[in-house]
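Coordinate analysis (summary)
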There are 2 protein chains.
Amino acid sequence: MTDLNAPLARGGKPAEAKHGAGSPAGKGASVSETKLHEFAELLFFAYRDFTRDPDTILSDFGFGRAHHRVLHFVNRHAGLRVADLLGILNITKQSLGRVLKQLIDQGYIIQQAGASDRRERLLFATERGQELAERLAAPQLVRLSRALKAAGPGVETTLRQFLEAMINAEDRPQVSSIMSASSPQPGRGGTGEGS
Amino acid sequence: MTDLNAPLARGGKPAEAKHGAGSPAGKGASVSETKLHEFAELLFFAYRDFTRDPDTILSDFGFGRAHHRVLHFVNRHAGLRVADLLGILNITKQSLGRVLKQLIDQGYIIQQAGASDRRERLLFATERGQELAERLAAPQLVRLSRALKAAGPGVETTLRQFLEAMINAEDRPQVSSIMSASSPQPGRGGTGEGS
DNA sequence: GGGATTATGTCAGCCATGTTGACTTAATCT
DNA sequence: AGATTAAGTCAACATGGCTGACATAATCCC
């Protein structure tokens, strides 16, 4: 990176004092606008670096961040339908189709017709897919784990509340639903193509 | 969105019990791997929605998220050099050049040669640029403010520590430096070519 | 003074990943 | 049987990353 440390943007901080009235979220002991801007920037930097390690690994496989997202959710929430994934990623069917097709063609994900509704294609990570997903997740989990530790005990509840509140209210039920469901096996409970 | 609520990924949660040993960040009272995955997902969803409102506004102006990032940092940290911006955004000169040029040509940002080193181009948001930047920031600040409130008092310190720890260690000094510098005015402090 | 380095800008082209619109197929619902 | 739904696909386009090469001006250093 460049020398941002030294001089940079010469000039003092304008010492903004606004606090109660006129603040973004209305009444209550709200945070100053300057601090809110700082949190916005920290969130940007945190997310920028959160995605960096997996991005590096992905390029070795000829994949991009889009593949990571798909593989992650399929791996962690096996049996997801295509429509579920569209809702989670908030992209179009065509965008998803492109990366999903590559993941399937290259043996990272398999599909299986739904038992109750055979139009549905339930998605599962293959063993190969699980391996890649775990490899991509590893540095992110380390980063998260360290950051949680750095923030001290009791972060968990607080952070979870914060992050959940950052999600659009109308999407929160879906998100909770996704996060509480996990990983049944592909193939029927007695039949199909192993892990 | 689609019906993620209902059935979805039929099957129970595999009740993973790993805790101390072998966990991502080494020793200490670390968080279970499942919880870490949940935080990773929450971060994804939070960031997804954090960028949504400004994205909508931007499309009315024919701009994209890249323009927002540039305008934001220039507005909040007036006098930034091009090289600083490259380090912050972590993109190439050519990528930045493309969006920066549009913002300059359309009167949202102005440049000014550095006083001490006239090769440098210090960047400043024009009044028009400030207005757009504020308009884009507004929904994000509201969202943040509400989320902070939802997480309860005392979040600020904790969250700040968490987010800072999420940033690559080697970039933290730069980030702190950026965040502590703010907004001198363009035009002379005694020397150069006014706005 | 003059050559090397630095900060910035720019041209040309490539790739990943988002978008819209239209259409097909198969399965399910009414 | 007809309408609807889940999924897949084709074509075309926009944004915003990337590399490589090169130009200009200012500064640094011998």
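Residues numbered from 1 in each chain as written. Chains lettered and ligands numbered in written order. Predicted model: local features only at pLDDT ≥ 70, side-chain atom pairs only at ≥ 80, totals over all residues. Heavy atoms only, no water.

Scanning chain A for helices and strands turns up 8 helices and 3 strands. Within chain A, the proportion of its 195 residues that are buried is 50%. Taken as a whole, chain A presents about 9,200 Å² of accessible surface, with 51% of it coming from carbon and sulfur. (Helix = DSSP H or I, 4+ residues; strand = E, 2+ residues; numbered from the N terminus. Buried < 20%, exposed > 50% of the residue type's maximum accessible area, 1.4 Å probe, protein only. Areas by Shrake-Rupley, 256 points an atom, 1.4 Å probe, with all protein chains shown as cover.)

Here we come to the nonpolar core. By size, the foremost hydrophobic cluster in this structure holds 100 residues, and its most contacted members are A:Val70, A:Phe162, B:Val70 and B:Phe162. Contact partners of B:Phe162, with chain neighbours within four places excluded, come to A:Leu144, A:Ala147, A:Leu148, A:Ala151 and A:Leu159. (Core = buried A, V, L, I, M, F, W, Y, C linked by side-chain atoms within 4.5 Å. Contact = heavy atoms within 4.5 Å.)

The environment of DNA strand D is formed by 25 residues, the closest being A:Lys93, A:Gln111, B:Arg69, B:Thr92 and B:Arg98. Within 4 Å of the protein, the contacting atoms of DNA strand D are drawn from sugar and phosphate to the extent of 55%. Within the side chain of A:Lys93, one N or O atom sits 2.4 Å away from a base oxygen of DNA strand D. At 2.9 Å from a phosphate oxygen of DNA strand D is found a main-chain nitrogen or oxygen belonging to B:Arg65. Those elements that place two or more of their residues in the surface near DNA strand D are α4 (82-89) and α5 (93-105) of chain A together with α3 (65-76) and α5 (93-105) of chain B. For the surface near DNA strand D, the element with the highest residue contribution is α3(B), accounting for 4 residues. In terms of residue class, the surface near DNA strand D is made up of 4 nonpolar, 9 polar and 12 charged. (Near = heavy atom within 4 Å. Polar contact = N/O pair within 3.5 Å; in protein donor to acceptor, adjacent residues only side chain to side chain. Nonpolar A, V, L, I, M, F, W, Y, C, P; charged D, E, K, R; others polar.)

Taken as a whole, this structure holds 24 salt bridges over all chains when the rule is applied. A salt bridge links B:Asp171 to A:Arg52; the shortest N-O distance between them is 3.2 Å. Within this pair, whereas B:Asp171 is found in the loop between α7 (155-166) and α8 (172-180), its partner A:Arg52 is found in helix α2 (residues 52-60), the two belonging to separate chains. A:Arg52 matches B:Asp171 in its accessibility class, with the two residues each being buried. One salt bridge in this structure joins B:Asp117 and B:Arg119, with 2.8 Å as the shortest N-O distance. (Salt bridge = Lys/Arg side-chain N within 4 Å of Asp/Glu carboxyl O.)

Before going further, it helps to spend a moment on the protein's contact with DNA strand C. What surrounds DNA strand C is a group of 25 residues, the closest being A:Arg69, A:Ser95, A:Arg98, B:Lys93 and B:Gln111. Between a base oxygen of DNA strand C and a side-chain N or O atom of A:Gln94, the distance comes to 2.7 Å. At a separation of 3.5 Å, a phosphate oxygen of DNA strand C approaches a polar side-chain atom of A:Ser95. Sorting the residues of the surface near DNA strand C by element identifies α3 (65-76) and α5 of chain A together with α4 (82-89) and α5 of chain B as the ones contributing at least two each. No other element matches α3(A), which puts 4 residues into the surface near DNA strand C. Looking at the surface near DNA strand C residue by residue, the class counts come to 4 nonpolar, 9 polar and 12 charged.

Below, the discussion takes up the packing of aromatic side chains. Applying the stated criterion across every chain yields a total of 11 aromatic pairs over all chains. Ring geometry for A:Phe44 versus A:Phe45: centroids 5.3 Å apart, planes at 65°, classification edge-to-face. Residue A:Phe44 shares its accessibility class with A:Phe45, and that shared class is buried. Counting every residue linked through ring pairs, the aromatic cluster contains A:Tyr47, A:Phe50, B:Tyr47 and B:Phe50. Over the ring of B:Phe39 we find A:Arg160; its NZ or CZ atom is 5.2 Å from the centre of that ring. (Phe/Tyr/Trp six-rings, centres within 6.5 Å; stacked < 30°, edge-to-face > 60°. Lys NZ or Arg CZ within 6 Å of the ring centre and 35° of its normal.)

Counting residues at the interface gives 90 residues for chain A, matched by 90 residues for chain B. Here chain A meets chain B over a buried area of about 9,400 Å², counting both sides, of which 66% is carbon and sulfur. Per-residue buried area on chain A facing chain B is highest for A:Phe39, A:Leu42 and A:Met166; these three make up 7% of the total on that side. On the surface where chain A and chain B come into contact, there are 8 salt bridges. At the level of elements, α1 (33-50), α3, β1 (80-81), α4, α6 (127-150), α7 (155-166) and α8 (172-180) of chain A are the ones that each hand at least two residues to the side of chain A that touches chain B. Element by element, the count of residues in the side of chain A that touches chain B is highest for α1(A), at 18 residues. Residues that form the side of chain A that touches chain B fall into these classes: 46 nonpolar, 21 polar and 23 charged. (Buried area = accessible area lost by both parts, 1.4 Å probe.)

Right, let's talk about the sheet that holds strand β3 (residues 121-125) of chain B for a bit. Sheet strands line up and pair through hydrogen bonds in the backbone, either parallel or antiparallel. All names here are of chain B. A sheet is described by the order of its strands in space; here 3 strands give the open sequence β1-β3-β2, paired in antiparallel fashion. Edge positions in the open sheet fall to β1 (80-81) and β2 (109-113), since each of these has one partner strand only. Sitting on the sheet, α3 touches β1, β2 and β3, and the angle it makes with β3 is about 95°. (Pairing = 2+ DSSP bridges. Axes fitted to C-alpha atoms, helices over the stretch in contact; angles between N-to-C directions.)

For residues that are not glycine, phi is negative in most cases, and the peptide bond is trans in most cases. Residue and element names in this part refer to chain A. Its identity as a non-glycine residue notwithstanding, asparagine 90 has a phi of 60°, on the positive side. Within the fold, asparagine 90 resides in the loop between α4 and α5. For asparagine 90, a relative accessible area of 39% corresponds to the partly exposed category.

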